[in-house]
Amino acid sequence: MDETQPAPITDQDAHERLISIADELGLEADRCETVAARTAMRAAAETIYTITAGLLLTAMRKGK
């Protein structure tokens, strides 16, 4: 059995993936049948955007 570890995910890769997930949640929110579901999906997307901004700032500070 091959136990090769996957390549590490860079901060930039993580940032791009998180933005993609947040974008998808935001788009799918409009398809939700209830206001509660739409609100939850939009809140989740906004939370991910906020966390991602923090990740980007941390990566920028690390690069200095």
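Cut-offs and rules
- Residues numbered from 1 in each chain as written.
- Predicted model: local features only at pLDDT ≥ 70, side-chain atom pairs only at ≥ 80, totals over all residues.
- Heavy atoms only, no water.
- Helix = DSSP H or I, 4+ residues; strand = E, 2+ residues; numbered from the N terminus.
- Expected span 1.5 Å × (residues − 1).
- Buried < 20%, exposed > 50% of the residue type's maximum accessible area, 1.4 Å probe, protein only.
- Arc of directions from axis to C-beta.
- Contact = heavy atoms within 4.5 Å.

A.B. asks: For helix α1 (residues 11–29), give the residues involved together with the corresponding values.
C.D. replies: In this model α1 runs 27 Å from its N-terminal to its C-terminal C-alpha over 19 residues, within 8% of the 27 Å that 1.5 Å per residue would give. Those residues of α1 that fall on the buried side of the exposure criterion are His15, Ala22, Leu25 and Ala29. The buried side chains of α1 occupy one side of the element, clustering within an arc of 95° when seen end-on. In α1, those exposed residues whose orientation departs by more than 90 degrees from the buried face are Arg17 and Leu27. Looking at the packing, one finds that the buried side of α1 touches α2 (35–63).

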